[in-house]
Amino acid sequence: MDENRRIAAVEEIPDDTTFLFTIRNGFDEEEAVLVENDGDVRAWKNYCQHWTDVRLDKGDGASMRDGELVCGKHGALFEADSGICTYGPCEDAVLDEVDVTVEDGAVFLTDSEYEFVQRGSSIEYDLSSNRSLGF
């Protein structure tokens, strides 16, 4: 695989939270998260389907409970392996997937719409308040 598309070693993905990374589509950068569940690695765009300005992983890993990602703002639960919302205001919605593959113990971005930018976030946020609105 192309080393420029390597995100992380599988062993770097925490067992009970997410691994944050940044991708680019043209000039637009977005965050995504890796999650490992029962040996399967998936990647999802880093936002809740109820309000897409709410990040699941704010930089220190998303909360997880019983194999589901938890939206800290709304309490929505998303299955880590399918992205389906099982509870909350966006029930039955599905997280947006980013295609990845595992090869030789590493996770690579395979989604042709995106290029890998970096581990973590390159997007600056105002973390001075817990409001989701930026004014």
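Scroll up to find the structure.
Owing to the predicted nature of the structure, the values given are computational and were not obtained by experimental measurement.

Draft legend 1. Just the sheet that holds strand β4 (residues 40–45), in detail. Spatial ordering of the open sheet is given by β4-β3-β2-β11, a layout of 4 strands whose pairing is antiparallel. Each edge of the sheet is formed by a strand with only one pairing partner; in this case those strands are β4 and β11 (115–119). Across the sheet, the mean angle separating the axes of adjacent strands is 35° when strand polarity is ignored. In the sheet, strand β2 (residues 19–25) pairs with β11 via 4 bridges, with the strands oriented antiparallel. Across the sheet, R24 pairs through a bridge with E115, a residue of β11.

Draft legend 2. Summary view of unusual backbone geometry. Phi at D38 is positive, roughly 55°, even though this residue is not glycine. Judged by its relative accessible area of 77%, D38 is exposed. In the Ramachandran plot, D104 falls in the positive-phi region, its phi being about 50° despite a non-glycine side chain. D104 sits in the exposed class, given a relative accessible area of 78%.

Draft legend 3. Quick look at the pairing of strand β9 (residues 100–103). Two strands pair when backbone bridges link them, and β9 and strand β10 (residues 106–109) are joined in this way by 4 bridges, in the antiparallel orientation. Counted as the bridge partner of E103 is A106 from β10. Linking two consecutive strands that pair antiparallel, namely β9 and β10, is a turn of 2 residues; a positive phi of about 50° is found at D104 within it.

Draft legend 4. Representation of the sheet that holds strand β6 (residues 68–70) within the structure. Strands sit in the order β5-β6-β7-β8 across an open sheet of 4 strands; the sheet is antiparallel. Two strands close off the open sheet at either side, each with one partner strand: β5 (63–65) and β8 (85–87). Pairwise comparison of adjacent strand axes, ignoring direction, gives a mean angle of 40° for this sheet.

Draft legend 5. View of the side chain of E68. When you line up the elements, E68 lands in strand β6. In this structure, E68 is buried with no salt-bridge partner, the nearest side chain bearing the opposite charge being R65 at 6.1 Å. Here T86 takes part through its side chain, which lies 2.6 Å from a polar atom of the side chain of E68. Setting aside chain neighbours within four positions, we find E68 in contact with S63, L77, F78, E79, A80 and T86.

Draft legend 6. Inspection of the packing of aromatic side chains at higher detail. Applying the stated criterion across every chain yields a total of 1 aromatic pair. Ring geometry for F21 versus F116: centroids 6.3 Å apart, planes at 40°, classification tilted. Of this pair, F21 sits in strand β2 while F116 is found in strand β11, placing the two residues 95 residues apart along the sequence. The exposure class of F21 is buried, given its relative accessible area of 0%.

Calculation criteria
- Residues numbered from 1 in each chain as written.
- Predicted model: local features only at pLDDT ≥ 70, side-chain atom pairs only at ≥ 80, totals over all residues.
- Heavy atoms only, no water.
- Pairing = 2+ DSSP bridges.
- Helix = DSSP H or I, 4+ residues; strand = E, 2+ residues; numbered from the N terminus.
- Axes fitted to C-alpha atoms, helices over the stretch in contact; angles between N-to-C directions.
- Buried < 20%, exposed > 50% of the residue type's maximum accessible area, 1.4 Å probe, protein only.
- Lys, Arg positive; Asp, Glu negative; His and termini not counted.
- Salt bridge = Lys/Arg side-chain N within 4 Å of Asp/Glu carboxyl O.
- Polar contact = N/O pair within 3.5 Å; in protein donor to acceptor, adjacent residues only side chain to side chain.
- Contact = heavy atoms within 4.5 Å.
- Phe/Tyr/Trp six-rings, centres within 6.5 Å; stacked < 30°, edge-to-face > 60°.

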